Amino acid sequence: MKRPTLLLIPLAVALLPALAPAQNNDRAENVGERVGSAIERFVDQMTRRFSRSFEDDEMLTDDDTIRTKRSRTREIEDLESEENTKVYSSETTVAESVIVDGNIVVKGANLIIAGKVDGDVLVVGGDLVVKQHGVVAGNARVINGSIMKEEGAVIEGYEDRTGASTASYREPRRRFGSRGTSFDVPWLSEQSDFDDVMFRYNRVEGVFLGLGTDKKYNWDGQRRLNSYGSVGYGFKSHRWRGNLGLGWQFPLKNTEGRELLEFGIEGYSLTDTKDQWLIQPMENTLAALLIHEDYRDYFQREGFSIHGAYYTIQGDVKAEAKVAYLIDQYDSLSNRVDWAFFGGAKRFRLNPAIDPGKMRSITASIGFNTVSRTWAGPQGWNIMASAEVAKESFGSDFDFDHYVVDVRRFQPLGSYESLNLRLRVGTAGGAVPLQKAFDLGGLGTVPAYGHKDEIGNRLLLLNAEFIINGNFLDDLDLWPTWLFRNFNFLIQSDAGIVRAVSPNETPTSGFNDITWREFRHDLGVGFANRSGSFRIGVTWRTDRKEPARLLFRINRPF
């Protein structure tokens, strides 16, 4: 769980006058320390999901025969609470050209160091890997994991690996279970990735409550049959929704990584959407509840599918290839609710009608992901491509083909800067139903324009964001490092075009003779937290003079 850093900023600012005289007054210093300690204890109690306490007899002492650079009696809580400590809960990489000025704590994942960490490192429930030119200037401790050093790697302080039998630290049972059965990639379908308790709010269902079990990937082969599913009820649509999937999984022997073959079947009755790539469910729910904006469009889809798939994890690389046959019945859904906590006189957009009917289609998809988390931000490639073909000869009411390619690059440029890019291309031929058409404008595409202002059967979208950490002026003594190290400055630019071409054209046609004047383009600036998941800013159209639009997100746009 990520700490709610942003919520502490007003409190920290309010306390500044009380803490400022501390340098010249011992009593004020003690008061300031007590207040700071109280704040840290409160945050830890509210955000920690497990105990991290250690017994004194489990701590290593300075009586060790190995000379240490720092005391080995420091507890996890002390290391985390230090101002220059960064805490991560996913795999983290310090690239070769990066120097981290401070400590690093990683929980439930691996830490890979190819650059330099000028501080201590602690890894809990994962491995520490120090590459050939990697340097840890302080101490290195691993709990429930291993320390692996390549030739030439340097750890200047002590090295300590504590096993499960001696460490009192424990990961939650669900987290340990998921580490061995997970496949964490951006393209996972919402039909297989559930919370235990499901809650959503939208304009066609109202409040929806349900239970779910997410899909497991049994890499170790201990179980062949895998089941997942969900069931829930929409209180304004008065409809039960759910799905049940069964898969037979066969691990392949591979000493370098993990590979899995799967054959499965799934039945479902869904309130579905084509907008999963635009906005995540919980962010959309909060928007609908709090600001009277529902950014997704919905339709009913009922039927079943059979599929064959191949999954693999090879080091930092995750990949998937899948083929499926779908038998679906589509129908339109209408607005059922028009209420929100805030939003004044705003009303929800009408949910657009679709082309109802029976659809029989074959789908194929591939995914490739190398994204890892580094000190400067995510780094790597994420590539996804999909194809769907529906034919009347299959017994379908529809006859079309539909293709999407989505390429994303996350590139740190140094210790403070990074550049993130996305290119998304879509094309469709034949009599494309409305639920398969491409939309442009608004959240997730070109946010300075109206939401889904344009529709067509050809799409070309480019998104770019330049990110610089707020601590880039830390050489200045007057710069408030304690505040800005947890913030990023953003410059973003988006450009897209949608065309409607003849249904008889080939999938590759319709992209010729494109000029810059045809693109819808915007430019924006803003602030974000360190991970980029919380951001606020403004964006302007560049084709004409209009007031800026406010942009507020609680998830990364891509």
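Please refer to the structure higher up on the page.
Scanning the protein for helices and strands turns up six helices and 32 strands. Of all 558 residues assigned to the protein, the portion counted as buried reaches 46%. Considering only contacts in the protein between residues 6 or more positions apart, those separated by 24 or more positions represent 56%. Accessible surface for the protein amounts to roughly 28,000 Å². Of this, 56% is attributable to carbon and sulfur atoms.

So, on to unusual backbone geometry. For Asn144, which is not glycine, the phi torsion reads 60° and is therefore positive. Positive phi is not limited to glycine here, since His292 has a value of about 60°. By the secondary structure assignment, His292 is in the loop between helix H5 (281-291) and strand S19 (299-314).

Its boundaries defined by the atoms lining it, the second largest pocket holds a volume of some 580 Å³. Ile291, Glu293, Tyr295, Leu443 and Phe552 are, among the 22 residues lining the second largest pocket, the residues nearest its centre. Contributions of two or more residues to the lining of the second largest pocket are made by H5 and strand S32 (549-553). Considering every element that reaches the lining of the second largest pocket, the biggest residue donor is H5, with five residues. Across the lining of the second largest pocket, the residue classes tally to 13 nonpolar, three polar and six charged.

This next bit is on the environment of Trp516. For Trp516, the location among the structural elements is in the loop between strand S29 (487-499) and strand S30 (520-529). The class of Trp516 is exposed, set by a relative accessible area of 57%. Distance in space between the C-alpha atoms of Trp516 and Ala495 is 9.3 Å, their sequence separation being 21 residues. If near-sequence neighbours (up to four positions away) are discounted, Trp516 is found in contact with Ala495 and His521.

Take a nonpolar patch on the surface next. Together, Phe199, Val207, Leu209, Phe235, Met282, Leu286, Leu290, Ile291, Trp339, Phe341 and Phe342 make up a nonpolar patch on the protein surface, roughly 1,000 Å² of accessible area in all. Going through the elements one at a time, strand S15 (206-213) and H5 are the ones with two or more residues in the nonpolar patch. Within the secondary structure layout, Val207 lies in strand S15. For Val207, a relative accessible area of 31% puts it in the partly exposed group.

The next thing to look at is H5. Every buried residue belonging to H5 is among Glu283, Asn284, Thr285, Ala287, Ala288 and Leu289, and all of these are buried. Buried residues belonging to H5 abut strand S14 (197-202) and S32. Of the residues one or two after H5, His292 is the one with positive phi, at around 60°.

Right, let's talk about the sheet that holds strand S9 (residues 135-136) for a bit. Reading across the sheet, the four strands line up as S3-S6-S9-S12 and stay open at both edges, with parallel pairing between neighbours. Of all strands in the sheet, those with a lone pairing partner are strand S3 (99-100) and strand S12 (154-155), marking the two edges. As defined by bridge partners, S9 adjoins S12 across two bridges and the pair is classed as parallel. The partner of Val135 across the bridge, within S12, is Val154.

If you walk through the whole model with that rule in mind, you get 32 salt bridges. We note a salt bridge from Lys436 to Glu388, for which the minimum N-O separation is 2.9 Å. With Lys436 in the loop between strand S25 (417-430) and strand S26 (438-440) and Glu388 in strand S23 (residues 377-390), this residue pair connects regions lying 48 residues apart in the sequence. Per residue, the accessibility class of Lys436 equals that of Glu388, and both read buried. The shortest N-O distance in the salt bridge between Glu465 and Arg556 comes to 3.4 Å. Of this pair, Glu465 sits in strand S28 (residues 458-469) while Arg556 sits in the segment after S32, and the two are 91 residues apart along the sequence. The class for Arg556 is partly exposed, based on a relative accessible area of 22%. Residues joined by salt bridges that share partners form a network here, namely Arg203, Lys274, Asp275, Asp294, Asp297, Arg349, Asp439 and Lys452.

So, about the environment of Arg499. The residue Arg499 is located in strand S29 in this model. Judged by its relative accessible area of 18%, Arg499 falls in the buried class. Separated by 42 residues in the primary sequence, Arg499 and Asn457 have C-alpha atoms spaced 6.2 Å apart. Within the structure, Arg499 has its side chain in polar contact with the backbone oxygen of Gly510 (distance 2.9 Å).

Once that is clear, we can look at the packing of aromatic side chains. Following the criterion strictly, the structure yields 18 aromatic pairs and no others. Look at Phe472 and Phe489: their rings are 6.2 Å apart centre to centre, the planes differ by 90°, and that puts the pair in the edge-to-face class. In this pair, Phe472 is assigned in the loop between S28 and helix H6 (481-484) and Phe489 in strand S29, connecting sequence segments 17 residues apart. Residue Phe472 is classed as partly exposed on the basis of its relative accessible area of 33%. Relative accessible area serves as the criterion here: at 22%, Phe489 is assigned to the partly exposed category. Sitting over the face of the ring of Tyr268, Arg301 holds its NZ or CZ atom 4.7 Å from the ring centroid.

The next point concerns the nonpolar core. Among the nonpolar cores identified, the biggest contains 21 residues, and Ile104, Leu111, Ile113, Val121 and Leu128 are the most heavily contacted of them. Those elements that provide at least two residues to this core are strand S4 (103-107), strand S5 (111-113), strand S7 (121-124), strand S8 (128-130) and strand S10 (140-143). Residues within four places of Leu128 in sequence aside, it is in contact with Leu111, Ile113, Val121, Val123, Ala140, Val142, Ser146, Ile147, Met148 and Ile155. Judged by nonpolar contacts, the second largest core, of 20 residues, contains Trp187, Tyr217, Ala309 and Leu461.

Thresholds applied
- Residues numbered from 1 in each chain as written.
- Predicted model: local features only at pLDDT ≥ 70, side-chain atom pairs only at ≥ 80, totals over all residues.
- Heavy atoms only, no water.
- Helix = DSSP H or I, 4+ residues; strand = E, 2+ residues; numbered from the N terminus.
- Buried < 20%, exposed > 50% of the residue type's maximum accessible area, 1.4 Å probe, protein only.
- Contact = heavy atoms within 4.5 Å.
- Areas by Shrake-Rupley, 256 points an atom, 1.4 Å probe, with all protein chains shown as cover.
- 1 Å grid on protein atoms, 1.4 Å probe; cavity = no way out; pocket = protein on both sides within 12 Å on 5 of 7 lines; lining within 4 Å.
- Points joined across faces, edges and corners; volume = space filled by probe spheres on them.
- Nonpolar A, V, L, I, M, F, W, Y, C, P; charged D, E, K, R; others polar.
- Patch = residues over 30% accessible without salt bridge, like charges linked within 9 Å, V, L, I, M, F, W, Y side chains within 5 Å.
- Salt bridge = Lys/Arg side-chain N within 4 Å of Asp/Glu carboxyl O.
- Pairing = 2+ DSSP bridges.
- Polar contact = N/O pair within 3.5 Å; in protein donor to acceptor, adjacent residues only side chain to side chain.
- Phe/Tyr/Trp six-rings, centres within 6.5 Å; stacked < 30°, edge-to-face > 60°.
- Lys NZ or Arg CZ within 6 Å of the ring centre and 35° of its normal.
- Core = buried A, V, L, I, M, F, W, Y, C linked by side-chain atoms within 4.5 Å.

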